[in-house]
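A structural walkthrough
Here's the letter readout for the chains.
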Amino acid sequence: MSRPVVTIQLSGKADKPNDQVALPAVFLAPIRLDIVHQVHTNVAKNRRQPHGVHKLAGHQTSAESWGTGRAVARIPRVPGGGTSRSGQGAFGNMCRGGRMFSPIKTWRKWKRKTNLNQRRYAISSALAAAAVPAIVQARGHRISQVPEIPLVISSEAAKAVNKSSKAVELLKSIGAYEDIEKAKDSIRHRAGKGKLRNRRYKKGLGPLIVFGDNLNGNLVRNFRNLPGVEVVNVNYLNILQLAPGAHLGRFVVWLDDAFKHLDKVFGTPTEVSASKLSYKPPRSMLANPNVRRIINSYEIQSVARVPPKDPRRATIKRNPLKHYHVLLRLNPYVEHRLRKKILAERENKKKREALLQARRSKDKTFLDNQKKAKETKKQRLAQSRTFRKLLLDTPLHPSRPKYERPQEKKAE
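Residues numbered from 1 in each chain as written. Predicted model: local features only at pLDDT ≥ 70, side-chain atom pairs only at ≥ 80, totals over all residues. Heavy atoms only, no water.

Of the regular secondary structure elements, the protein holds 15 helices and 8 strands. At 49 Å, the protein has a C-alpha radius of gyration far larger than the 22 Å of a compact globule built from 412 residues. Referenced to the eigenvectors of the C-alpha coordinate spread, the extents of the protein come out at roughly 140 × 95 × 60 Å. Buried residues in the protein amount to 29% of all 412 residues. Taking as baseline every contact in the protein between residues at least 6 positions apart, the subset at least 24 positions apart corresponds to 59%. Split by element, the accessible area of the protein, about 30800 Å² in all, is 52% carbon and sulfur. Each charge sign in the protein was given a centre, from 84 positive and 30 negative side chains, and these centres are 9 Å apart. (Helix = DSSP H or I, 4+ residues; strand = E, 2+ residues; numbered from the N terminus. Rg over C-alpha atoms; globule rule 2.2 N^0.38 Å. Buried < 20%, exposed > 50% of the residue type's maximum accessible area, 1.4 Å probe, protein only. Contact = heavy atoms within 4.5 Å. Areas by Shrake-Rupley, 256 points an atom, 1.4 Å probe, with all protein chains shown as cover. Lys, Arg positive; Asp, Glu negative; His and termini not counted. Charge placed at Lys NZ, Arg CZ, Asp CG, Glu CD.)

Judged by nonpolar contacts, the single largest core of 37 residues is most densely connected at Val210, Leu237, Ile239, Trp254, Phe259, Leu262 and Phe266. Contributing elements (two or more residues each) for this core: strand 1 (5-9), helix 1 (33-44), helix 2 (116-129), strand 6 (208-211), helix 8 (239-242), strand 8 (252-255), helix 9 (256-260) and helix 10 (262-266). Sort the elements by how many residues they give to this core and helix 2 lands first, with 6 residues. Apart from the residues within four sequence positions on either side, phenylalanine 259 is in contact with Val6, Val21, Ala22, Leu23, Pro24, Phe27, Pro150, Val152 and Trp254. Listed in part, the 28 residues of the second largest apolar core include Ile153, Ala167, Phe211 and Leu219. (Core = buried A, V, L, I, M, F, W, Y, C linked by side-chain atoms within 4.5 Å.)

It is worth spelling out the pattern of salt bridges at this point. In total, this model carries 4 salt bridges according to the counting rule given. A salt bridge links lysine 182 to aspartate 179, with the nearest nitrogen and oxygen atoms 3.8 Å apart. Note that lysine 182 and aspartate 179 are positioned in helix 6 (residues 177-185) at a spacing of 3 residues, about one turn of the helix. Classification of lysine 182 as partly exposed rests on a relative accessible area of 23%. A relative accessible area of 0% places aspartate 179 in the buried class. (Salt bridge = Lys/Arg side-chain N within 4 Å of Asp/Glu carboxyl O.)

As a further point, take the pairing of strand 1. Strand direction decides the pairing type here: strand 1 and strand 2 (residues 20-22), joined by 3 bridges, are antiparallel. Paired with valine 5 across the strands is alanine 22, a residue of strand 2. (Pairing = 2+ DSSP bridges.)

This part covers the packing of helix 1 against helix 2. Between helix 1 and helix 2, whose axes approach to 9 Å, the crossing angle comes to 120°. In terms of orientation, helix 1 lies oblique with respect to helix 2. Seen from above, helix 1 lies across helix 2 with left-handed handedness. When helix 1 is examined against helix 2, the residues Ile35, Val36, Gln38, Val39 and Val43 are found in contact with a partner set consisting of Gln118, Arg119, Tyr121, Ala122 and Ser125. Per-class residue counts for the contact of helix 1 with helix 2 are 6 nonpolar, 3 polar and 1 charged. (Axes fitted to C-alpha atoms, helices over the stretch in contact; angles between N-to-C directions. Parallel < 35°, antiparallel > 145°, perpendicular 65-115°, else oblique. Left-handed = near helix turned anticlockwise from the far one by under 90°. Nonpolar A, V, L, I, M, F, W, Y, C, P; charged D, E, K, R; others polar.)

Moving on to the environment of leucine 219. Within the secondary structure layout, leucine 219 lies in helix 7 (residues 217-224). With 13 residues separating them along the chain, leucine 219 and glycine 206 place their C-alpha atoms 17 Å apart. Each residue touching leucine 219, except ones within four places of it in the same chain, is listed here: Ala158, Val161 and Leu255.

Listed below in structure tokens is the structure:
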């Protein structure tokens, strides 16, 4: 499979155009942000220097707890008197002058091991992301004046650089110096105690210069003197430089000998690497990740089965004793039997009411009982009224005479 070609900048002459080189296979590797983030997190921890606090820090006092019963916390307190320090809490991590919580020890686990294949996969993903202009620009690099990404320059032009001023001229000729100016403008003071620990300033990162084995050390020194610029050999590519902060899209400037050497370092889908034992660069499972386009393509649709017009649906099995329509489906005679039962109940009800009506009209005892019930009801109502009246007229205290309101004398 033929791969795209990349133009080698500053390689042509007045009468010849610039040369071109095939894109290495490692740039077609899948971009896996999750692997890059995990590998970067582990590898970055390997640069830490063991440190810790003093073993007696926070415990250099003879503090003891006051115990209970004094309405104060049981934290150890500094002894003595006559000073504000006496009586103050000590030892605890919540106390002023006390130790920190879980003090850092020098024997803690500082380093992290990462699988070799994962490290290689992360570097391949970082290289593939560095060849996408949108990802490089999204990371913050200034590449508006760059003719092409990935950017490859001639090694002959780089060998002529013997001073930093000539390195600046070289980068300006290919439009990469704008990113260095951005890094130069980002120099600022560091916040915190780092200012006291030989790291007073912070600055952003510019382009990464990748060279091959055929260059001398003067070139490395001339390029690395520029702010934000890092220089690395193609055989020692590092995920910390290709994806600083686990952010993909580092602006990389390749020298043509290093660019051509990538196929030997990482291999191709058909040939293994020359420096890594039996290693081939990772590749995507799908050549075209657009699954919708694959499904709707003519090749797939021409052999796909036509969807049925009336697909069979799975029915829910229901209990016939609880669902009447299921019972009718099993036994249609149930509807006739139920209708017959309802009509018989209506007929029996009519007959029963007619029989009761006839009995009530002929039976004298029934009529007499109705009259007696009415008279009894009237008597009970009369008794209730009499009792209520008597209750209201009777005084609450029988020993006292009933209070009579004095009558007013009429004026003569």
